[in-house]
Amino acid sequence: MTTAVVRRPARAALPPAARRARRRSAWLGLLAWAAGILFCLPALWMLLTSLHSEPAAATNPPSLGAALTLDGYREFFGAGGGATPWPSLINSATASLVSTALVLLLALPAAYALSIRPVRKWTDVMFFFLSTKMLPVVAGLLPVYLFAKSVGMLDNVWLLVVLYTSMNLPIAVWMLQSFLADIPVSIIEAAQVDGARLPTILARIVAPLAGPGIAATSLICFIFSWNEMLFARVLTGVVAQTAPVFLTGFVTSQGLFLAQLCAASVVVSLPVLAAGFAAQDRLVQGLSLGAVK
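This section reports on the structure supplied with the text. Please read all numbers here as calculations on a predicted model, not as lab measurements.

Parameters at a glance
Residues numbered from 1 in each chain as written. Predicted model: local features only at pLDDT ≥ 70, side-chain atom pairs only at ≥ 80, totals over all residues. Heavy atoms only, no water. Core = buried A, V, L, I, M, F, W, Y, C linked by side-chain atoms within 4.5 Å. Buried < 20%, exposed > 50% of the residue type's maximum accessible area, 1.4 Å probe, protein only. Helix = DSSP H or I, 4+ residues; strand = E, 2+ residues; numbered from the N terminus. Contact = heavy atoms within 4.5 Å. Patch = residues over 30% accessible without salt bridge, like charges linked within 9 Å, V, L, I, M, F, W, Y side chains within 5 Å. Areas by Shrake-Rupley, 256 points an atom, 1.4 Å probe, with all protein chains shown as cover. Salt bridge = Lys/Arg side-chain N within 4 Å of Asp/Glu carboxyl O. Phe/Tyr/Trp six-rings, centres within 6.5 Å; stacked < 30°, edge-to-face > 60°. Polar contact = N/O pair within 3.5 Å; in protein donor to acceptor, adjacent residues only side chain to side chain. Axes fitted to C-alpha atoms, helices over the stretch in contact; angles between N-to-C directions. Parallel < 35°, antiparallel > 145°, perpendicular 65-115°, else oblique. Left-handed = near helix turned anticlockwise from the far one by under 90°.

**A short note on the nonpolar core**
(1) Moving on: Membership of the largest hydrophobic core comes to 27 residues, with the highest contact counts inside it found for Tyr112, Leu180 and Val206.
(2) Moving on: Looking at this core, the elements that each hand over two or more residues are α4 (86–115), α5 (122–131), α7 (157–180), α8 (185–193), α9 (198–209) and α10 (211–227).
(3) Moving on: Per-element tally for this core: the top contributor is α7, with seven residues.
(4) Moving on: Once you skip the residues sitting within four places of it in the chain, leucine 180 turns out to touch Leu108, Ala111, Tyr112, Ser115, Ile116, Val206 and Ala210.
(5) Moving on: Core analysis: the second largest hydrophobic core is formed by 16 residues, Trp226, Phe250, Val268 and Val272 among them.

**Overview of a nonpolar patch on the surface**
(1) Moving on: Residues Phe127, Leu130, Met134 and Trp174 make up a contiguous nonpolar surface patch of roughly 420 Å² in combined accessible area.
(2) Moving on: Residue position: methionine 134 is located in the loop between α5 and α6 (141–150).

**Details of the packing of aromatic side chains**
(1) Moving on: Under the counting rule described, the total for this entry stands at four aromatic pairs.
(2) Moving on: Centre to centre, the rings of phenylalanine 76 and phenylalanine 77 are 5.0 Å apart; their planes meet at 75 degrees, and the pair counts as edge-to-face.
(3) Moving on: Using a relative accessible area of 1% as the deciding quantity, one classes phenylalanine 76 as buried.
(4) Moving on: The class for phenylalanine 77 is partly exposed, based on a relative accessible area of 34%.
(5) Moving on: Pairing phenylalanine 76 with phenylalanine 246 gives two aromatic rings, centres 5.9 Å apart and planes at 75 degrees, and the pair type is edge-to-face. Of this pair, phenylalanine 76 sits in helix α3 (residues 71–76) while phenylalanine 246 sits in helix α12 (residues 243–247), placing them 170 residues apart in sequence. Pair check on accessibility: phenylalanine 76 and phenylalanine 246 agree, each one buried.
(6) Moving on: Through a chain of ring-to-ring contacts, the aromatic side chains of Phe76, Phe77, Trp86 and Phe246 assemble into a single cluster.

**A short note on the side chain of serine 225**
(1) Moving on: Along the polypeptide, serine 225 turns up in helix α10.
(2) Moving on: One polar contact links serine 225 to asparagine 168, side chain to side chain, over a distance of 2.8 Å.
(3) Moving on: In this structure, serine 225 is in contact with Ser96, Ser99, Tyr164 and Asn168, ignoring residues within four places of it in sequence.

**Overview of the packing of α4 against α10**
(1) Moving on: Their axes nearest at 9 Å, the elements α4 and α10 cross at an angle of 140 degrees. As the angle between them shows, α4 and α10 are arranged oblique. The hand of the α4/α10 crossing is right-handed. Note on element contacts: α10 touches α4 through Ile214, Thr217, Ser218, Cys221, Phe222, Ser225 and Trp226, opposite Leu89, Ser92, Ala93, Ser96, Leu97, Ser99, Thr100, Val103, Leu104 and Leu108.

Here it is as structure tokens:
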């Protein structure tokens, strides 16, 4: 009794152009991975240094095989009797979240007026918004300081809320205008025929359709507010001190506490990383919608 052997047909060879395209894709993938690792290397190095003791973190060249410890994080949270970071973190969260909410409340109607229902000479209006970002921040520091001193707003977190709102509003209007320009006007007109007024249109039609763009805009405004240090350093003292200003306390005349500084930097970076990770899908979608017409 003989057994029939079934042979599979030989796989057809790829044409030279397809092989070159596959090799090019593989090399581009390796290059992208290398660039990603290189981009993340400083953050990974900071994380590793935060897990070392102060003597091990101060060695030159750095000791990669040093024992890991959480002493830097304990010192940052005041376990050794130092200042606690919680008031500074709360101030940063308050200034960033409230200013971002105010920016969205002001930027969404402005972007609606400049895209869906454009006003006359709307390009001049957009250029005016852009021109407000051309002034160096340090050039406006002294007038803002004198104004805050005259009205008794120094060392007040609500002054930072107003400043961050005004600083982020132009970029928010620019971003939302490009997102709202992709919304079909027929949907707005149909809602108006049904009797919907402007607040209802903005809340129930424009906001859901521009959700990815709003998420991208809010995340960028939150990051800008959370990382801002110049105004916070000059206009605050103890009561309204923010987290970036608190980090500068680890650079003292006694030396640089590198392990504690890295531990503090990791903790301060976590809210931004968490917000970016949570909104990464909408962020990519929103930025793509704003770029592709």
